[in-house]
Amino acid sequence: MLGMRHALWFLAACACGASSPPGTDAPASDDDAAARHALGPNDVSILLPLPADPAVPTLLAVAGPATGAGPGVPLVASGPIAGLDLRGDIGPKNGQPFALDQLQVVAVRFELCDRQVVGACPDAGEDGRLRLVLQPVYAAGGAATTHDIALHAFYPIPAAELAGVVRELRQLAALADVAPGAPLAVNPGAPAYLDRLRALVMRYARWDRLVRLTTIGQRAGSVAFDWVLRGVELDASGALSAMTIPALAAPVQTLAVQGGDTVYVGEPLVDAPAGFALALNGSNFDLASSIDRAGALETLAAINNPWDHDTVDLQCTTCHVATYLTMHRAMTAGVDPASLATAYQSPFNTSVASLANTEPRLIRAFGWVDAHPIISIRVANESARVASEIESRFPAAR
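Structure report, in brief. (Residues numbered from 1 in each chain as written. Predicted model: local features only at pLDDT ≥ 70, side-chain atom pairs only at ≥ 80, totals over all residues. Heavy atoms only, no water.)

Evaluated as defined, the whole model comprises 18 salt bridges. Arg129 is the salt-bridge partner of Asp114, the closest N and O atoms lying 3.4 Å from each other. Here Asp114 is found in the loop between strand S4 (103-111) and strand S5 (128-140), whereas its partner Arg129 is found in strand S5, with 15 residues between them in sequence. Taken individually, Asp114 and Arg129 each receive the classification buried, so the pair is uniform in this respect. Several salt bridges share partner residues, and in doing so they unite Arg109, Asp310, Arg378, Glu382 and Arg385 into one network. (Salt bridge = Lys/Arg side-chain N within 4 Å of Asp/Glu carboxyl O. Helix = DSSP H or I, 4+ residues; strand = E, 2+ residues; numbered from the N terminus. Buried < 20%, exposed > 50% of the residue type's maximum accessible area, 1.4 Å probe, protein only.)

Structure, rendered in structure tokens:
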């Protein structure tokens, strides 16, 4: 088990599996069918199945090796962990032991840029992003399950290598054989697919390339459902330092859920975007005028719409609660969420079917709570946007 002060996490060594070298204009190395494979949301945002045995991670462990193929590659060193103070006030709500070496990669996401402004990625010249979601995986009742704690690690993909990575995503998509129009769901996890994905991830996910690390987890010892959100980010000096949460002059935000018609209490919290505070409080929403209710619903839809808002202008809690609140407050108001003017429009199927729709105590955006997959509306919409941007910028071979 890794100690807090001396924590050094390791990704498991790369298993065998062919991968194309990075590049920009070289012809696809695999067959023409793979080069022509269209990409959908499931090909750019990959929710991995939980392992049959927690000791054998589905993709990668952080305290490896897990495959027996080598000594492992560092993912996150002690500095970023200390900056997050991961175990200072975060711990499993069920009181189970929590060790850093339980963390495993449960989801993988690809982006064409870091999106420093709301809107589309530039056509060229900006690094892409590999994003890993890591959660503690452990055994309970003879099966794998997870703690409601997660890290989100960000690594650059050099701009000159984006076209090559897209070609590999097409080859992966051909292996997964999930229809591009299918809604975001748990990946089938075929061995050949996982081998190739592992090789691609390990090309970029190295501790000395980490540019951002965020966390969300239950507050240790809290009886109520109570989460802590914060992160560290590479600053101008090249050091990872505490992030200031957008819209807040604070590095940490907490969120607790109360009873009644679902009341979320954030600290600190601002009414940004306008109407968010009303949407958070069910008692106030129930008593509000039809005009104010409509405004709050439009705000929730806009939070879920990546063309209207992004992480650069949203406080942490917004995206994590907008899925449940959109569905629940719309039902209270007798409104179809799809009819809202700010609702995201996409040629892809962005419907979401997970407990995130119906359970206010589950605010994870993309990952697992216990053994339940969680997919938020926001992540489904972001994934559709990325797939559309890739097809526009790096169209499949014809």
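Our focus in this paragraph is the nonpolar core. If you look at the biggest cluster of nonpolar residues, it comprises 50 residues, and the most contacted ones within it are Val108, Phe110, Leu130 and Leu197. Those elements giving two or more residues to this core turn out to be S4, S5, strand S7 (149-157), helix H4 (162-176), helix H5 (191-204), strand S9 (226-234) and helix H10 (377-393). Ranked by residues supplied to this core, first place goes to H4 with eight residues. Non-local contacts of Val108, meaning those with residues more than four positions away in its chain, are made with Val44, Ser45, Ile46, Leu48, Leu59, Leu130, Arg131, Leu132, Leu197 and Val201. (Core = buried A, V, L, I, M, F, W, Y, C linked by side-chain atoms within 4.5 Å. Contact = heavy atoms within 4.5 Å.)

Two elements in contact, helix H8 (residues 290-303) and helix H9 (residues 316-333), have axes separated by 9 Å at closest approach and are oriented at 145°. In this structure, H8 meets H9 at a crossing whose hand is left-handed. Taken together, the residues of H9 that come into contact with H8 (itself represented by Arg293, Leu297, Leu300 and Ile303) are Thr318, Cys319, Ala322, Leu325, Thr326, Arg329, Ala330, Thr332 and Ala333. Residues that form the contact of H8 with H9 fall into these classes: eight nonpolar, three polar and two charged. (Axes fitted to C-alpha atoms, helices over the stretch in contact; angles between N-to-C directions. Left-handed = near helix turned anticlockwise from the far one by under 90°. Nonpolar A, V, L, I, M, F, W, Y, C, P; charged D, E, K, R; others polar.)

The next thing to look at is the packing of aromatic side chains. Within the structure shown, the criterion is met by one aromatic pair. Residues Phe225 and Trp227 carry aromatic rings whose centres are separated by 6.3 Å and whose planes lie at 35° to one another, so their mutual orientation is tilted. Under the relative-accessibility criterion, Phe225 is labelled partly exposed at 23%. Its relative accessible area of 0% is what places Trp227 among the buried residues. Geometry around Phe154 places Arg212 over its ring, the cationic atom sitting 4.9 Å from the centre. A cation sits over an aromatic face here: Arg329 above Phe285, 5.7 Å from the ring centre. (Phe/Tyr/Trp six-rings, centres within 6.5 Å; stacked < 30°, edge-to-face > 60°. Lys NZ or Arg CZ within 6 Å of the ring centre and 35° of its normal.)

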